[in-house]
Amino acid sequence: MGYAHEYADAVLHRGRVPMEPADFVPDWADGPRKGKFYPGVESYALPDGDDLPDPPAAPGLLPSGGGPDGRPGGFTLPLLSAMLKDSYGLTGRRLGVQANSDLSGLPFYTHANWSRGTAGGGGLYPVSIHWASGPSGPLTPGVHYYDVHRHAAQRLLTGDVSARIREALGPDAPAEALETDQYLVLGVKYWQNTFKYNSFSYHVVSTDLGTVVQTWRIWAAAHGLRTAPVLWFDEPRLNGLLGTTGEEETVFAVVPLHWAGRTGHAGRTGPPSASGAPGPDPAVAHRDLERSRTVLDFPTVRAMHAATTERATDRPPAGALATAAALATPSGGTRVPLPAPAFPDVPVRRVLRARRSSFGRFDAARPVTPAQLSAVLAACAATTLDSDADPAGTVRLARLYAFVNHVEGVEPGAYAYDPDSGALRLVDAGPQGAFLQDTYFLANYNLEQAGAVLVPTVRTTAVLDAVGDRGYRLAVGTAGAVAQTFYVAAAALELGAGVALGFDNISHIEKLGLGGGDEAPLLIMPLGNERPRPADFRHEIA
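Basis of the calculations
Residues numbered from 1 in each chain as written. Predicted model: local features only at pLDDT ≥ 70, side-chain atom pairs only at ≥ 80, totals over all residues. Heavy atoms only, no water. Pairing = 2+ DSSP bridges. Helix = DSSP H or I, 4+ residues; strand = E, 2+ residues; numbered from the N terminus. Axes fitted to C-alpha atoms, helices over the stretch in contact; angles between N-to-C directions. Contact = heavy atoms within 4.5 Å. Phe/Tyr/Trp six-rings, centres within 6.5 Å; stacked < 30°, edge-to-face > 60°. Buried < 20%, exposed > 50% of the residue type's maximum accessible area, 1.4 Å probe, protein only. Lys NZ or Arg CZ within 6 Å of the ring centre and 35° of its normal. Salt bridge = Lys/Arg side-chain N within 4 Å of Asp/Glu carboxyl O. Parallel < 35°, antiparallel > 145°, perpendicular 65-115°, else oblique. Left-handed = near helix turned anticlockwise from the far one by under 90°. Polar contact = N/O pair within 3.5 Å; in protein donor to acceptor, adjacent residues only side chain to side chain.

Draft legend 1. Structural context of the sheet that holds strand β5 (residues 142-147). What the six strands build is an open sheet, ordered β1-β6-β5-β4-β7-β8; its pairing is antiparallel. The open sheet is flanked by β1 (43-45) and β8 (249-256), the only strands paired with a single partner. Averaged over neighbouring strand pairs, the angle between their axes works out to 30 degrees when direction is ignored. Across the face of the sheet, helix α4 (residues 162-169) comes into contact with β4 (127-133), β7 (182-189) and β8 while running at roughly 65 degrees to β7.

Draft legend 2. Examining the packing of aromatic side chains more closely. Following the criterion strictly, the structure yields 18 aromatic pairs and no others. Consider the rings of Y190 and Y202, whose centres lie 6.1 Å apart with planes at 35 degrees: the pair is tilted. Taken together, the positions of Y190 in the loop between β7 and α6 (191-197) and Y202 in helix α7 (residues 201-222) put the pair 12 residues apart, joining distant regions of the chain. Here the two residues Y190 and Y202 agree in accessibility, since each one is buried. Geometrically, the ring pair formed by Y197 and F200 is edge-to-face, given 6.1 Å between the ring centres and 75 degrees between the ring planes. When its relative accessible area of 5% is taken as the criterion, F200 is described as buried. Taken together, Y7, Y190, Y202, F252 and Y472 form an aromatic cluster joined through their ring pairs. Directly above the ring of F200 sits R14, whose terminal nitrogen or CZ lies 3.5 Å from the centroid. The aromatic ring of F252 is capped on one face by R473, whose charged end is 3.9 Å from the ring centroid.

Draft legend 3. Structural detail: the sheet that holds strand β3 (residues 114-115). The three strands lie next to each other as β3-β2-β17, forming an open sheet whose pairing is antiparallel. Among the strands making up the open sheet, the edge pair consists of β3 and β17 (536-540). Direction of pairing for strand β2 (residues 92-96) relative to β3: antiparallel, over a ladder of two bridges. Its bridge partner being in β3, R93 is matched across the sheet by W114.

Draft legend 4. Structural detail: the pairing of strand β13 (residues 452-458). The element β13 is largely enclosed, with a buried count of seven among its seven residues. Covered by surrounding structure in β13 are A452, L454, P456 and V458 together with V453, V455 and T457, the residues of both alternating faces. Judged from the seven bridges that link them, strand β10 (residues 398-404) and β13 form a sheet pairing that is antiparallel. Considered in β13, the bridge of A402 is made with L454.

Draft legend 5. Quick peek at helix α13 (residues 460-467). Where α13 is concerned, the buried positions are T460, A462, V463, L464 and V467. Buried residues belonging to α13 abut α1 (3-13), β13, α14 (471-492) and β15 (520-521). Immediately downstream of α13, the backbone of G468 shows phi near 95 degrees, a positive value.

Draft legend 6. Structural context of the pattern of salt bridges. Scanning the entire structure with this criterion turns up 25 salt bridges. The shortest N-O distance in the salt bridge between K189 and E290 comes to 2.8 Å. Highlighted residues: K189 in strand β7 and E290 in the loop between β8 and α9 (299-309), separated in sequence by 101 residues. Among the salt bridges present, the one from R470 reaches E235, with a minimum N-O distance of 2.7 Å.

Draft legend 7. Spotlight on the packing of helix α11 (residues 370-381) against α14. With their axes 9 Å apart at the nearest point, α11 and α14 run at an angle of 150 degrees to one another. Here α11 lies roughly antiparallel to α14, going by the angle between them. Here the hand of the crossing between α11 and α14 comes out right-handed. Here V376, A379 and C380 of α11 come into contact with α14, specifically with V482, T485, F486 and A489.

Draft legend 8. Spatial organisation of the side chain of R226. By the secondary structure assignment, R226 is in the loop between α7 and α8 (235-242). Side-chain polar atoms of R226 contact the side chain of E176, separated by 2.6 Å.

Draft legend 9. Up close: the pairing of β4. Within β4, seven of the seven residues are buried, which leaves the element mostly enclosed by the surrounding structure. Of the strand pairs in this sheet, β4 and β7 are connected by seven bridges, and their pairing is antiparallel. By the bridge assignment for β7, I129 is matched with L186. The sheet contact formed by β4 and β5 spans four bridges and is antiparallel. Note that in β5 the partner of W131 across the bridge is H144.

Draft legend 10. Spotlight on the packing of α4 against α8. Where α4 meets α8, the closest approach of the two axes is 9 Å, and the angle between their N-to-C directions is 155 degrees. Here α8 runs roughly antiparallel to α4, going by the angle between their axes. Of the two elements, α4 crosses α8, and the hand of that crossing is left-handed. Of α8, the residues touching α4 (which contributes R164, I165, E167 and A168) are R237, L238 and L241.

Okay, here's the thing in structure tokens:
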């Protein structure tokens with residue numbers, strides 16, 4: 001057992017035993033930026049992609065996307081640019097009367113709430129996106145940072161580094177990662193999250209990794225494309241390429257892109273060469289200018305970084321994750337059948353623009369329908385990261401439970417969702433509102449007013465036993481992917497939604513009867529209709 005087991009246990013118990021430093025208070029006035037700032041770096045405006053077709057989001061929510069025989073179609077500059085903007089780019093400013101604690105500051109421009117298609121833990125968005133482009137791409141080969149505020153590419157390094165990335169991924173990486181020279185490299189700057197969440201932040205940023213790669217999976221599938229992250233690679237080498245210090249910022253994932261019209265590496269036919277140029281690796285020389293005057297270090301985060309980097313190149317063998325698969329729902333018991341899951345043909349861009357957190361606006365006067373609940377549950381239960389630990393996405397890691405408050409024809413109670421039969425199996429009968437609110441740490445949601453509160457569980461320790469400490473990113477990233485699916489599915493059905501990490505995990509284990517196993521409840525996700533005629537201000541910028 002490695003350090004990640006200790007960390008996972010501390011996360012589960014933090015509602016009862018606070019994680020150190022227990023007396024930590026964020027210095028909001030000295031917080032970091034929500035993004036990076038590279039002074040003097042040339043920027044290249046990216047196309048908006050507004051003229052591209054906007055297909056329905058449903059192909060990315062239920063069946064898997066991709067081209068014939070599982071081979072994806074190809075990205076183009078307009079497609080990649082549109083995917084970046086629809087996922088992490090700023091799309092509008094929002095201000096509304098709601099119950100979140102930051103409401104008083106939002107009218108001020110310096111505290112503006114800028115909306116994005118992807119959810120971010122605490123709205124912090126610590127994932128940095130770099131595009132490493134080789135000769136087959138439309139730009140001069142190099143490493144480009146995606147500037148979310150200006151929807152632009154900033155060239156940090158000129159020159160083809162794709163062979164070095166392939167070497168860092170290793171010869172046993174999925175074929176799609178070795179047959180391209182275009183990559184999205186996802187880094188995490190710890191301080192962008194630790195300034196608020198301190199030791200808990202490693203868990204939060206792992207969730208954020210899952211939300212962004214799941215947005216790309218949904219978006220790409222709607223356009224007949226496929227994306228899948230690679231999580232095992234030579235992390236120190238890629239950190240060196242980006243010019244980052246691993247204990248301050250590190251690469252969490254690499255997403256290979258199949259590029260349209262590519263005739264081969266450097267104009268040759270066939271797959272790109274796996275061998276790199278002789279000599280030392282190049283490195284980005286530009287440095288992000290930190291806003292915070294004081295940057296703190298947290299030993300727990302440093303220890304998790306070390307634990308998940310130590311054997312970063314030891315990719316799990318095929319089938320290793322099978323022992324950590326979500327448990328099947330037991331037969332028998334009181335069961336409530338749900339309608340077959342289905343989604344309306346709502347464009348993927350529209351649902352990503354509509355995605356937001358409800359923050360206390362739920363209204364029990366309008367119950368959720370069984371069809372709506374069925375669609376959301378099925379989409380969440382089908383969510384996988386399709387990472388290099390399970391490229392085909394055949395191992396379902398997440399299991400779904402539902403605390404039903406106000407769903408037409410379904411009695412209040414706690415239920416386990418059976419994705420194979422599409423039914424709810426009763427775990428605990430009776431109203432659940434008081435339990436939900438008593439075990440939630442904040443006051444920004446009235447959980448009893450939600451139609452249902454969904455709880456995904458992952459057998460986190462089983463994942464760690466199967467693939468090592470680095471599997472923590474996979475386990476918690478899967479929960480993040482489920483959260484993003486939940487938001488997008490709710491938006492497609494015009495339902496309110498929210499996701500929260502601040503709850504007593506142990507109480508949920510006890511309530512759901514999970515104490516004898518290894519299932520870990522990682523999120524609570526309220527779903528329901530919202531009060532009519534909200535007092536909202538929205539200014540769309542995309």
